[in-house]
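# What the coordinates show
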Amino acid sequence: GAGVSQSPSNKVTEKGKDVELRCDPISGHTALYWYRQSLGQGLEFLIYFQGNSAPDKSGLPSDRFSAERTGGSVSTLTIQRTQQEDSAVYLCASSRDLESYGYTFGSGTRLTVV
Amino acid sequence: TQLLEQSPQFLSIQEGENLTVYCNSSSVFSSLQWYRQEPGEGPVLLVTVVTGGEVKKLKRLTFQFGDARKDSSLHITAAQPGDTGLYLCAPNYQLIWGAGTKLIIKP
């Protein structure tokens with residue numbers, strides 16, 4: 001696609017439920033990042049995928065968070081047993097590769113846990 | 001641990017004024033990117049600086065990378081309401097980000 005697409009744009013879920021957030025990167029981009037952003041704050045790195053290499057999961061805040069990238073394209077971020085502190089905007093970005101300068105971001109998924 | 005500090009955290013000025021925001025670290029980076037983020041959107045890349053001492057201009061925006069490649073600044077001349085947004089900096093690999101400078105330009 002022309003840009004990075006994320007869905008849903010908004011998600012309200014009850015505490016304890018699982019959620020899945022989707023990211024469709026720019027076609028041909030091998031690097032894909034997930035970030036979390038609290039209101040008015042900078043970005044917190046969660047995980048990145050680069051080609052067929054093992055993902056760097058060093059930013060995932062707990063074992064309730066996981067992500068997959070199927071076929072080197074679409075990625076899904078899953079949060080199990082959601083907590084109120086998980087409420088944030090989850091942003092996905094992609095780039096040609098890890099060495100490329102600058103990433104293209106999606107518009108994010110605003111997650112609210114009630 | 002790498003840390004990026006951005007200052008000021010918040011800046012509100014009148015249209016037509018000049019301003020400078022900063023991105024500082026104790027670490028050396030091979031490159032630094034500046035982004036602008038508007039409400040409800042993801043960050044949009046403005047510029048990448050790579051060489052120590054480098055100056056890049058983007059219309060009314062001037063970006064500078066420190067000689068030691070530990071810090072950077074963004075200067076806006078004659079600010080306009082369209083410059084309003086959250087300005088973020090991030091080094092190569094972009095695993096760490098500054099908290100940003102929230103800039104409001106009042107008409």
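Attention here is on the structure that accompanies the text. All of these numbers come straight from a predicted model, not from anything done at the bench. (Residues numbered from 1 in each chain as written. Chains lettered and ligands numbered in written order. Predicted model: local features only at pLDDT ≥ 70, side-chain atom pairs only at ≥ 80, totals over all residues. Heavy atoms only, no water.)

Grouped together as the largest cluster of nonpolar side chains are 22 residues, with contacts concentrated most on Leu 19, Leu 32, Trp 34, Phe 63, Leu 74, Ile 76 and Leu 103 of chain B. Apart from the residues within four sequence positions on either side, Leu 32 of chain B is in contact with Cys 23, Val 47, Thr 48, Val 49, Phe 65, Ser 72, Ala 90 and Pro 91 of chain B. (Core = buried A, V, L, I, M, F, W, Y, C linked by side-chain atoms within 4.5 Å. Buried < 20%, exposed > 50% of the residue type's maximum accessible area, 1.4 Å probe, protein only. Contact = heavy atoms within 4.5 Å.)

Residues and elements named next belong to chain A. Applying the stated criterion across every chain, the model contains 6 salt bridges over all chains. Salt-bridge contacts for Glu 14 lead to Lys 17; the nearest nitrogen and oxygen are separated by 3.6 Å. Relative accessible area serves as the criterion here: at 43%, Lys 17 is assigned to the partly exposed category. Of the charged contacts in the structure, one is a salt bridge between Arg 22 and Asp 24, with a shortest N-O distance of 3.9 Å. (Salt bridge = Lys/Arg side-chain N within 4 Å of Asp/Glu carboxyl O.)

Turning our attention to the sheet that holds strand β3 (residues 19-24) of chain A. All names here are of chain A. Overall, antiparallel pairing links the 4 strands, which are arranged β1-β3-β7-β6 in an open sheet. The open sheet has two edge strands, β1 (5-7) and β6 (65-69), and neither has a second partner. Strand after strand, the sheet turns through a mean of 15 degrees between neighbouring axes, direction not considered. In the sheet, β3 pairs with strand β7 (residues 75-79) via 5 bridges, with the strands oriented antiparallel. Note that in β7 the partner of Cys 23 across the bridge is Ser 75. (Pairing = 2+ DSSP bridges. Helix = DSSP H or I, 4+ residues; strand = E, 2+ residues; numbered from the N terminus. Axes fitted to C-alpha atoms, helices over the stretch in contact; angles between N-to-C directions.)

Approximately 510 Å³ is the volume found for the largest pocket. Contributing to the lining of the largest pocket are 24 residues, with Leu 39, Gly 40 and Arg 110 of chain A together with Pro 39 and Gly 40 of chain B lying nearest its centre. Residue assignment for the lining of the largest pocket shows that the elements contributing at least two residues are β8 (88-95) and β10 (109-113) of chain A together with β9 (85-91) and β10 (101-106) of chain B. Of the residues belonging to the lining of the largest pocket, the class tally is 8 nonpolar, 12 polar and 4 charged. (1 Å grid on protein atoms, 1.4 Å probe; cavity = no way out; pocket = protein on both sides within 12 Å on 5 of 7 lines; lining within 4 Å. Points joined across faces, edges and corners; volume = space filled by probe spheres on them. Nonpolar A, V, L, I, M, F, W, Y, C, P; charged D, E, K, R; others polar.)

On to the side chain of Ser 72 of chain B, then. Residues and elements named next belong to chain B. With respect to the helices and strands, Ser 72 occurs in strand β8 (residues 71-76). At 2.7 Å, the side chain of Ser 72 and the backbone oxygen of Gln 64 are in polar contact. Beyond its immediate stretch of four places on either side in the chain, Ser 72 contacts Val 21, Tyr 22, Cys 23, Leu 32, Trp 34, Val 49, Gln 64 and Phe 65. (Polar contact = N/O pair within 3.5 Å; in protein donor to acceptor, adjacent residues only side chain to side chain.)

A few words now on the interface of chain A and chain B. Every contact between the two is made by 19 residues of chain A and, on the other side, 19 residues of chain B. Summing both partners gives a buried area of about 1500 Å² for chain A against chain B, and 56% of it is carried by carbon and sulfur. When the buried surface of chain A facing chain B is broken down by residue, Leu 43, Tyr 101 and Phe 105 of chain A rank first, second and third, together holding 32% of it. If you look at where chain A meets chain B, you find 0 salt bridges. In this structure, the connection of chain A to chain B is made through 4 residue pairs in polar contact (both at pLDDT 80 or more). The set of elements that each furnish at least two residues to the side of chain A that touches chain B consists of β4 (31-37) and β5 (43-50) of chain A. Partitioned by chemical class, the residues of the side of chain A that touches chain B number 10 nonpolar, 7 polar and 2 charged. (Buried area = accessible area lost by both parts, 1.4 Å probe.)

Another point: the state of the cysteines. All names here are of chain B. Per the stated rule, a full pass over the model turns up 2 disulfides over all chains. Through a disulfide, Cys 23 is tied to Cys 89; the S-S separation comes to 2.0 Å. Here the S-S torsion is close to 80 degrees, and the disulfide linking Cys 23 with Cys 89 is therefore right-handed. Note that Cys 23 is positioned in strand β3 (residues 19-25) and Cys 89 in strand β9, a separation of 66 residues in sequence. Accessibility expressed as a relative area gives 1% for Cys 23, which makes it buried. What makes Cys 89 buried here is its relative accessible area of 0%. (Disulfide = S-S within 2.5 Å.)

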